[in-house]
Amino acid sequence: MLYGTTVRLRAVERADAALLARWLNDPEVRRWRLAYLPVSTEHEARWLERQAQRGDELAFIIQVPAGDGWRAIGSADLHAIDRQNGVAGYRITIGEPDSWSRGYGSDATRTVLAFAFGELNLHRVELGVLAGNARARRCCEKAGFRLEAVRRAVLFRDGRYHDECLMAVLREEFCAATPCV
Amino acid sequence: MIYGQRIRLRAIERDDIPTFVRWFNDPEVRQYLLMYEPMSRAKEERWFEARLEARDDYLFAIEAQDGERWVHIGNTGLHRVDWRNRHATLGIALGEKAYWGRGYGSDAVRTMLRFAFDELNLHRVELEVFDYNRRAQRCYEKAGFRLEGTRRQALYHEGRYHDEHLMSILRGEFTGHQAQQPPQ
C-alpha cells in the first residue's frame, strides 16, 4: 500500500477486471483516453493477467476514505519501465466522475512519483495526454510534470485528428519540490 | 524495388545478415541507434526470422548508386504502423560510413515519405533522434520534418543522460511527391 495525503494506492487484483471495464466503458471517462473500442471484463482480466507476468509494468487502484472504509475511484500505472535508462510511462484514470476536480488525481500522481523516484530509482517519468484534456494537464502540472512536446494529429476521433501533449518530470525536479523519502 | 533519385530500396535478404553484424558492431554507427551491446550473428538471424512474421512494419535495404554499381549502404523502415490513426515511426541507419554526408540519407528519407504518404496512405510520420546526432537532424529538416519537442534526459549513454528530439511531418507538409523513374 502506498499512502498519499488523502488517497492510498493498492496493487491491482484479478477481481478488479469488472471495475476497470465499467470505468473504461463510461463515455465521459473514455473521451480522454486513446482506447476507442468498448472493453469487456474478459479483456480487462486478460490485461491484468499479462500485466502480472511482466516486469516492466506496475498498476495500482486509487482509493479514497469513504465512511469507515475505502472506496476505489480509479487506477494509475507505471508502464514501459526501462531500468537501464531509468525511464517509465505514467497513466492515470479517475473512473468515478464524482471524484473529479477534488485533488485526488494530483495526490495519487505525486504518490506514484515519490515511489518511482524514491523506491524504483527511476530518473524520468513521462505521460501522454490529449491536448484538449485541460483538467488532466493541470493535474499533472501540479504534480510536477512539464510540457515537452505537442505531437500533432496523432489521434483520430469524432471525424478529425487531435494533438497529444507529451509531459515529463525528472527526478531532480520532483525531489526539489517534494522529499522523495 | 522503390526508386529514389540516387538510391533504391529493396527487401532485406538473409544474405544481408553478415553485413548487419558488421555495421551494428561499429560503435560509431551504433551510437545513433537504440543498440548498446555487441551484436552476434545468432541474434541477427533470430531477428531476421522474427521479421518475416512482422506485421505493420516495413523494412528495406538502401542501395546507393555509385558509378555503375549499387552498394548496400544501410536500412530504413516504417515501424509501429497505426492504421486507424494513420501514423508510423521512421527509422534509418547508414552502416557504410564512406557514404555518410553525401545526400543518400536524405534521398532515402524522401523516398520513404513518398511510400508512406502515397502508397500506405498515412497521415503522419514521426521519428526520434538523439540530441548529439546533428547530421540526422539536418537531414530530417531538409526532408520537411518539424521539431515537436524534446524528451529531456531520456537516454543514458557514455556516462550521462542525453535528450531525444521528437520530429514529425504531416501529409500536407510533404512536397517530395514528384514520381521517380528507375534509371534506364
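Residues numbered from 1 in each chain as written. Chains lettered and ligands numbered in written order. Predicted model: local features only at pLDDT ≥ 70, side-chain atom pairs only at ≥ 80, totals over all residues. Heavy atoms only, no water.

(A) Broad picture of the overall build of chain B. For chain B, the helix and strand inventory stands at 5 helices and 8 strands. Secondary structure elements of chain B occur, N-terminal to C-terminal, as β-β-α-α-α-β-β-β-α-β-α-β-β. For chain B, the C-alpha radius of gyration of 16 Å lies close to 16 Å, the compact-globule estimate for 184 residues. Dimensions of chain B along its principal axes, counting C-alpha atoms only, are 45 × 40 × 35 Å. Counting across all 184 residues of chain B, residues that qualify as buried make up 53%. A separation of at least 24 residues holds for 61% of the contacts in chain B among residues at least 6 apart in sequence. One finds the centroid of the 29 positive side-chain charges in chain B at a distance of 3 Å from the centroid of its 29 negative side-chain charges. (Helix = DSSP H or I, 4+ residues; strand = E, 2+ residues; numbered from the N terminus. Rg over C-alpha atoms; globule rule 2.2 N^0.38 Å. Buried < 20%, exposed > 50% of the residue type's maximum accessible area, 1.4 Å probe, protein only. Contact = heavy atoms within 4.5 Å. Lys, Arg positive; Asp, Glu negative; His and termini not counted. Charge placed at Lys NZ, Arg CZ, Asp CG, Glu CD.)

(B) Layout of the layout of surface pockets. All names here are of chain B. Looking at the second largest pocket, its volume works out to about 280 Å³. Every residue lining the second largest pocket is counted, 15 residues in all, and those nearest its centre are M35, Y36, L155, Y156 and H157. Residue assignment for the lining of the second largest pocket shows that the elements contributing at least two residues are α2 (27-30) and β7 (146-157). (1 Å grid on protein atoms, 1.4 Å probe; cavity = no way out; pocket = protein on both sides within 12 Å on 5 of 7 lines; lining within 4 Å. Points joined across faces, edges and corners; volume = space filled by probe spheres on them.)

(C) Structural view of the environment of B:I92. Relative to the assigned elements, B:I92 resides in strand β5 (residues 87-94). Look past the residues within four positions of B:I92 in its chain and what remains in contact with it is B:L33, B:I62, B:N75, B:T76, B:G105, B:A108, B:V109 and B:Y140.

(D) Up close: the packing of helix α4 (residues 104-119) of chain B against helix α5 (residues 134-143) of chain B. Residues and elements named next belong to chain B. Close contact between α4 and α5 brings their axes to 9 Å; oriented N to C, the two are set at 45°. When the axes of α4 and α5 are compared, the pair comes out oblique. Note on packing geometry: the crossing formed by α4 with α5 is right-handed. Of α5, the residues touching α4 (which contributes G105, S106, V109, R110 and L113) are C139, Y140, K142 and A143. Of the residues that constitute the contact of α4 with α5, the class distribution is 5 nonpolar, 2 polar and 2 charged. (Axes fitted to C-alpha atoms, helices over the stretch in contact; angles between N-to-C directions. Parallel < 35°, antiparallel > 145°, perpendicular 65-115°, else oblique. Left-handed = near helix turned anticlockwise from the far one by under 90°. Nonpolar A, V, L, I, M, F, W, Y, C, P; charged D, E, K, R; others polar.)

(E) Highlighting the pattern of salt bridges. Taken as a whole and judged by the stated rule, the model has 34 salt bridges over all chains. In this structure, A:R124 engages A:E148 in a salt bridge whose closest nitrogen and oxygen atoms are separated by 2.9 Å. In this pair, A:R124 is assigned in strand β6 (residues 124-130) and A:E148 in strand β7 (residues 146-157), connecting sequence segments 24 residues apart. Across this residue pair, the class does not change: A:R124 and A:E148 are buried. Notably, a salt bridge pairs A:R146 with A:E173, separated by 3.4 Å at the nearest N-O pair. Taken together, the residues A:R146 in strand β7 and A:E173 in helix α6 (residues 171-177) connect sequence positions 27 residues apart. On the basis of relative accessibility, which here comes to 16%, the residue A:E173 falls in the buried class. A single salt-bridge network, built from bridges that share partners, covers A:R124, A:E126, A:R146, A:E148, A:E173, B:R151, B:R152 and B:E164. (Salt bridge = Lys/Arg side-chain N within 4 Å of Asp/Glu carboxyl O.)

(F) Examining the packing of aromatic side chains more closely. Per the counting criterion, the structure on display carries 19 aromatic pairs over all chains. Summarising the aromatic geometry, the rings of B:Y156 and B:Y161 are spaced 4.8 Å apart at their centres and angled 65° between planes, so their arrangement reads as edge-to-face. Of the residues examined, B:Y161 reaches a relative accessible area of 25% and is grouped as partly exposed. Taken together, B:F20, B:W23, B:F24 and B:W47 form an aromatic cluster joined through their ring pairs. The ring of B:Y104 carries B:R6 above its face, with NZ or CZ at 4.4 Å from the centroid. The side chain of B:R84 reaches across the aromatic face of A:Y36, ending 3.6 Å from its centre. (Phe/Tyr/Trp six-rings, centres within 6.5 Å; stacked < 30°, edge-to-face > 60°. Lys NZ or Arg CZ within 6 Å of the ring centre and 35° of its normal.)

(G) Quick peek at the interface of chain B and chain A. Each partner contributes residues to the interface: chain B has 24 residues there, and chain A has 25 residues. Here chain B packs against chain A, burying approximately 2100 Å² in sum over the two surfaces, 40% of which is carbon and sulfur. Inspection of the region where chain B meets chain A yields 6 salt bridges. Among the salt bridges present, the one from A:R151 reaches B:E126, with a minimum N-O distance of 2.7 Å. Counting across the chain B and chain A interface gives 18 residue pairs in polar contact (both at pLDDT 80 or more). Among the secondary structure elements, those contributing two or more residues to the side of chain B that touches chain A are β6 (124-130), β7 and β8 (160-170) of chain B. With 10 residues, β7(B) is the single largest residue contributor to the side of chain B that touches chain A. Class assignment of the residues belonging to the side of chain B that touches chain A gives a composition of 8 nonpolar, 7 polar and 9 charged. (Buried area = accessible area lost by both parts, 1.4 Å probe. Polar contact = N/O pair within 3.5 Å; in protein donor to acceptor, adjacent residues only side chain to side chain.)

(H) Looking closely at a positive patch on the surface. Residues and elements named next belong to chain A. A cluster of basic residues, R31, R110, R135, R138 and K142, forms a positive patch on the protein surface. Residue contributions to the positive patch peak at 3 residues, all from helix α5 (residues 134-143). For R138, the location among the structural elements is in helix α5. (Patch = residues over 30% accessible without salt bridge, like charges linked within 9 Å, V, L, I, M, F, W, Y side chains within 5 Å. Areas by Shrake-Rupley, 256 points an atom, 1.4 Å probe, with all protein chains shown as cover.)

(I) Quick peek at helix α1 (residues 17-24) of chain B. Summarising burial for α1(B): 6 of the 8 residues are buried, a large majority. On its buried side, α1(B) packs onto α2, α3 (41-53), β4 (69-82) and β5 of chain B.

Read these as layout, nothing more, since geometry by itself doesn't imply function.
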